[in-house]
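Coordinates in review
Listed below, chain by chain, are the residues.
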Amino acid sequence: MRVLVTGGAGFIGSAVVRHLVLVKGYEVLTVDKLTYAGTLTSLYKVDGHPLHRFLRADICDRSAMVEAFASFRPDRVMHLAAESHVDRSITGARDFVETNVIGTFTLLDVARNHWEGLPAVDRAAFRFLHVSTDEVYGSLGADGLFTEATAYDPSSPYSASKAASDHLAKAWQRTYGLPVVVSNCSNNYGPYHFPEKLIPLMILNALEAKPLTIYGDGANIRDWLYVEDHARALDLIAERGRPGQTYNVGGRNERRNLDVVQHICTLMDALHPQSGPHERHIAFVEDRPGHDARYAIDATRLETELGWRAEETFETGIEKTVRWYLENEWWWAPLRQGYDGRRLGLVGTGREP
Ligand code: NAD
Ligand code: DAU
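These remarks concern the structure in this document. (Residues numbered from 1 in each chain as written. Chains lettered and ligands numbered in written order. Predicted model: local features only at pLDDT ≥ 70, side-chain atom pairs only at ≥ 80, totals over all residues. Heavy atoms only, no water.)

1. Digging into the sheet that holds strand β11 (residues 246-249)
If you trace the 7 strands from one edge of the open sheet to the other, you get β3-β2-β1-β4-β5-β6-β11, paired in parallel fashion. Strand pairing shows two members of the sheet lacking a second neighbour, β3 (52-56) and β11, which therefore form its edges. Direction aside, the axes of adjacent strands within the sheet are offset by 20° on average. As judged from the 5 bridges shared by strand β2 (residues 27-32) and β3, these two strands associate in the parallel manner. Bridging from a neighbouring strand, aspartate 32 pairs with arginine 56 of β3. Here helix α4 (residues 94-116) sits on the sheet and contacts β1 (2-6), β4 (76-79), β5 (127-133) and β6 (180-185); the angle it forms with β5, its principal contact strand, is near 165°. Its contacts with the sheet place helix α6 (residues 157-176) against β5, β6 and β11, and it is angled at close to 155° to β5. (Pairing = 2+ DSSP bridges. Helix = DSSP H or I, 4+ residues; strand = E, 2+ residues; numbered from the N terminus. Axes fitted to C-alpha atoms, helices over the stretch in contact; angles between N-to-C directions. Contact = heavy atoms within 4.5 Å.)

2. A look at unusual backbone geometry
The step from glycine 276 to proline 277 runs through a cis peptide bond, and the omega angle for that step is -5°. Residue position: proline 277 is located in the loop between α9 (257-271) and β13 (282-285). We note that tyrosine 192 has phi near 65°; this positive angle belongs to a residue other than glycine. Among the secondary structure elements, tyrosine 192 is positioned in the loop between β7 (188-189) and α7 (198-207). Look at tyrosine 192 and you get buried, because its relative accessible area is 5%. You will see that arginine 252, though not glycine, has its phi angle at about 55°, which is positive. Relative to the helices and strands, arginine 252 resides in the loop between β11 and β12 (254-256). (Buried < 20%, exposed > 50% of the residue type's maximum accessible area, 1.4 Å probe, protein only.)

3. Some remarks on the packing of aromatic side chains
A full pass over the atoms with the stated rule returns 17 aromatic pairs. Look at tyrosine 189 and tryptophan 224: their rings are 6.2 Å apart centre to centre, the planes differ by 80°, and that puts the pair in the edge-to-face class. With tyrosine 189 in strand β7 and tryptophan 224 in the loop between β9 (221-223) and β10 (225-226), this residue pair connects regions lying 35 residues apart in the sequence. The buried category is assigned to tryptophan 224, whose relative accessible area is 3%. For the pair tyrosine 189 and phenylalanine 314, a centre-to-centre distance of 5.4 Å together with 55° between the ring planes defines the contact as tilted. In this pair, tyrosine 189 is assigned in strand β7 and phenylalanine 314 in helix α11 (residues 314-327), connecting sequence segments 125 residues apart. Residue classification places tyrosine 189 among the buried residues on the basis of a relative accessible area of 0%. Exposure remark for phenylalanine 314: the relative accessible area of 1% places this residue in the buried category. Here the aromatic cluster, defined as three or more aromatic residues joined through ring pairs, consists of Tyr137, Phe146, Tyr152 and Tyr295. The ring of tyrosine 36 is capped by arginine 88, whose NZ or CZ atom sits 3.8 Å from the centre of that ring. If you follow arginine 88 out to its NZ or CZ, it ends over the ring of tyrosine 339, 5.2 Å from the centre. (Phe/Tyr/Trp six-rings, centres within 6.5 Å; stacked < 30°, edge-to-face > 60°. Lys NZ or Arg CZ within 6 Å of the ring centre and 35° of its normal.)

Dropping the structure here:
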């Protein structure tokens, strides 16, 4: 099995690559541009592994993608490369439109040409997994869950660009017959998470006695999934998901942001008391523009059709995560030097030209 993974030097992509190479024994070509969010240190466990190759390339670069498909001849594509941070998309959306929309279009089109040239038996087995987010569905009220039938209603430039890419992926399946499967997942957390996202940012700010910035009143709800549970789900969906179908992925772990941050403080108090007590650093700050109130995933299709179950609860996963950041300063310190955790994504505080 040869799998081409885009975005494999990022947070979720690197978990997918580790799973495919080290657990499944697949041959993997990681394609990644190495933006600020991608780092080869996240792939050190497969560095030099005979089943793993790395190509630094931009998915918008058509000739580089044609060459990658021609030389690697993938049986499967798992497309994770994206600009992923909502706050950055509010400050400037250009990179989001280029990578998430144009890049996905380029990859779909190159994959289609590759797929059309395959012998019939390989054409039938080929899969293109387009990895997306629950944010395409917009915001929930107090009740209800996102199902695969929920109408798209994205709020941020990030989620709008992901919604556009989902539509392109589905169109390539319906129009050209490319065997595309789409996944829409809730918030991930775990090791190798770039410290701009809520959970790693709060762990490192607590460690360094910096403000634990809560947007608005902290009542917004996210549905948290440990990244390795997501990686296993993606492998299963790529393996057994039906072409043309969408699979929602989520761990049934809804938490208010304030409760997440307080939980991190409690763990930090126990595991790193010398920088505590940590809750005194909680600071309520101006809300995110267009802040979605609540996300919650109904993963019934994935659970019943493909037999997936999350292995981690929020309590087990968050403790593993805090411990990992405390033990792996070598990984996050260089990233923290490039981005020090300053507030991003307030309207009027910086625009791209
Ligand atoms: P990430 O920002 O950590 O990693 C993205 C990776 O893509 C980086 O390694 C980056 O270098 C690479 N990349 C960016 N632009 C590229 C380009 N033009 N060409 C090639 N590589 C490029 O993101 P993540 O959190 O790992 O998310 C991965 C995917 O999963 C994204 O598509 C995201 O929308 C989706 N997703 C993320 C979450 C989450 O909670 N993080 C949840 C659901 C879905
Ligand atoms: O739902 C899936 C999405 O989850 C993915 O598609 C995105 O790629 C991923 O970044 C994530 O988006 P969020 O916007 O939900 O994640 P973030 O970590 O930025 O924020 C989580 C919540 O915490 C959100 O309600 C905003 C809030 N927040 C965030 C930061 C960085 C704070 O209150 N304070 C903060 O400092």
